[in-house]
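# Inside the fold
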Amino acid sequence: MWRPSGRVGLAELREASAADIPAMLEVFFHAIEDLDAKRGRPLQPRNAAPLEMHFGHLLETDRRSCYVADDHGRLIAFGIVLRRGSDAFLSFLFVEPAWQGKRIGRAVLDACIRGCGPGLERLATCAEANQPVSTGLYAKLGMAPRTPVYLLRGSLANDALPEPAAGIERHPVSAQAVAALDHELMGYERPLDHAWWARDRHGVRFSDPQGAVLGYGYAHPSGRIGPVAAVDPEYLPGFIGYLVRSTPVLEGRQLVVPGPAIAALQPLLTAGLRIDGTPAVYCSQRRGPAFERYLPGSY
């Protein structure tokens, strides 16, 4: 772990609050749109509602590791680091374009890590594969690029994926029931996250007739599917197929699929989904989750 610098020029570093969320969204969209313009890519429509909810969840569960840089009342940067057990994940780090290259982002990141407290064993993040500056910075801090992560989008027919294997039962997700599987795949339990997903997603726990947990998955009415977890990667297509059929949508589907999850990636592409845009790269100080058996809910 590196030693935080604590320097951010004339801007003030402070913990983020719910009142900062609108300004955080503006920083996020300004930075993304500036990057798209520099690369000649069309600007994406602003979809603030899901981000606003996501920011709110992370501020609720990880307030001490969420920081903003404030320049005389104007928010110019923010960072959010999620901590679960001895793991930390840099979920967001964005700086207003006019302030980039002035070590603002590094100072915010240092503050977020300091806010996580002692005992961290792994720090990780996701970076776009076509952002070598960011990826290089994370590698300098020990977060080596390790795993490609793809965003898949498109339409899925109800019969495009198989049913779960014969004998597999379906039940509502219980954080306690899947705690051992979460710990096996991720290295920590996730009761706060399961409570968050259950607010607006259809959750299913898959088990054998004796009650042993085989996996779980969530589907959102918007078409987003994930996270999806399994004790065996060969179960993933059936679990995803069940989630597709049990959660009708008006438009298409969206999944985040790590490269090692080939048991899911191949049938999803065969079924008609496409890889959308540049993949992300999972960067970590040590080997990450068991991605061959785990599909995240988002980057």
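Note that residues are indexed from 1 along each chain, following the sequence as it is written. Confidence filtering applies because this is a predicted model: local features only for residues at pLDDT of at least 70, side-chain atom pairs given and counted only at 80 or more, and all residues used for totals across whole chains, interfaces and linings. Side-chain numbers come from the whole structure's heavy atoms, not from hydrogens or water.

### A look at the packing of aromatic side chains
The following threshold applies: Here the aromatic set is Phe, Tyr and Trp, taking the six-membered ring for Trp, and pairing holds for ring centres within 6.5 Å; pairs whose planes are under 30 degrees apart are stacked, those over 60 apart are edge-to-face, and all others are tilted. Categorising residues by exposure relies on relative accessible area from a 1.4 Å probe, with only protein chains included: less than 20% of the type maximum marks a residue as buried, more than 50% marks it as exposed, and the intermediate range marks it as partly exposed. Put simply, DSSP marks the helices as runs of H or I at least four residues long and the strands as runs of E at least two long, and each gets a number from the N terminus on. Whether a charge sits over a ring comes down to the Lys NZ or Arg CZ being within 6 Å of the ring centre and within 35 degrees of the ring normal.
What the rule picks out here adds up to 14 aromatic pairs. A ring pair is formed by F28 and F29, whose centres lie 5.3 Å apart and whose planes are at 80°; its orientation type is edge-to-face. Of the two residues, F28 and F29, neither departs from the other in class, the shared state being buried. On the basis of an interplanar angle of 75° and a centroid distance of 6.4 Å, the ring pair of F28 and F92 is categorised as edge-to-face. Highlighted residues: F28 in helix α1 (residues 21-38) and F92 in strand β4 (residues 87-95), separated in sequence by 64 residues. Here F28 falls in the buried class, since its relative accessible area comes to 13%. By relative accessible area, F92 is classed as buried at 10%. The cationic tip of K102 hangs over the ring face of W99; the distance from NZ or CZ to the ring centre is 5.3 Å.

### As for the pattern of salt bridges
The cut-off we apply is this: Definition used for salt bridges: Asp or Glu carboxyl oxygen within 4 Å of a side-chain nitrogen of Lys or Arg.
Per the stated rule, a full pass over the model turns up 18 salt bridges. The salt bridge involving D20 is made with R14; its shortest N-O contact spans 2.8 Å. Exposure remark for R14: the relative accessible area of 23% places this residue in the partly exposed category. A salt bridge links R74 to E96; the nearest nitrogen and oxygen atoms lie 4.0 Å apart. Here E96 lies in the loop between β4 and α3 (104-116) and R74 lies in strand β3 (residues 74-84), a separation of 22 residues in the sequence. By relative accessible area, R74 is classed as partly exposed at 44%. By sharing partners, the salt bridges in this structure join D62, R84, R190 and D193 into a single network.

### Overview of the pairing of strand β9 (residues 213-219)
Filter applied, for reference: Note: two strands are recorded as paired if DSSP finds a minimum of 2 bridges between them.
Burial analysis of β9 places six of its seven residues in the buried class, which makes it a mostly covered element. Here strand β8 (residues 202-207) folds back onto β9 in antiparallel fashion, the turn holding five residues, of which G211 has a positive phi close to 95°. Note that β9 and strand β10 (residues 224-230) share four bridges and pair antiparallel. From the neighbouring strand, A219 faces β10, where its bridge partner is I225. Taking the residues that link successive antiparallel strands as the turn, the β9-β10 hairpin has four residues, and the phi of G223 there is positive, at about 110°.

### Things to note about the packing of α1 against helix α2 (residues 48-61)
Put simply, the test is: The axes are straight lines fitted to the C-alpha atoms, using for helices just the contacting stretch, and the angles between their N-to-C directions are given from 0 to 180°. Put simply, angles under 35 degrees are roughly parallel, angles over 145 are roughly antiparallel, angles from 65 to 115 are roughly perpendicular, and the rest are oblique. The crossing is said to be left-handed when, going from far helix to near helix, the turn is anticlockwise and less than a right angle, and right-handed when the turn is clockwise. By definition in these notes, contact holds between two residues if any of their heavy atoms fall within 4.5 Å. We call Asp, Glu, Lys and Arg charged. Ala, Val, Leu, Ile, Met, Phe, Trp, Tyr, Cys and Pro are nonpolar, and the rest, Gly among them, are polar.
Axis separation between α1 and α2 bottoms out at 10 Å; the angle between their running directions is 125°. Taken as axis vectors, α1 and α2 run oblique relative to one another. Considering only the axes of α1 and α2, their crossing is right-handed. On the side of α1, the interface is formed by I21, M24, L25, F28 and F29, while α2 contributes A48, L51, E52, F55, G56 and L59. Here the contact of α1 with α2 is composed, by residue class, of nine nonpolar, one polar and one charged.

### A look at the pairing of strand β5 (residues 122-128)
Applicable threshold: Assignment of crossover handedness uses the view with strands pointing away from the viewer, where a clockwise path from the first strand over the helix to the second indicates a right-handed crossover.
Taking burial as the measure, the seven residues of β5 include five buried ones, the bulk of the element. Crossover β4 to β5 through α3 is right-handed. Here β5 runs beside strand β13 (residues 280-284); their pairing, made up of five bridges, is antiparallel. When the bridges of β13 are listed, E128 appears paired with A280.

### Thoughts on the confidence of the model for the protein
When pLDDT drops low, the exact placement of atoms in the prediction is not to be read closely. Spelled out, the test is: Per-residue confidence from the predictor is reported as pLDDT, which spans 0 to 100.
Taken over all residues, the pLDDT of the protein has a mean of 92, while the share at 70 or more is 97%. Per-residue pLDDT stays below 50 along residues 1-7; that stretch engages in 17 contacts with residues further than four places along the chain or on separate chains.

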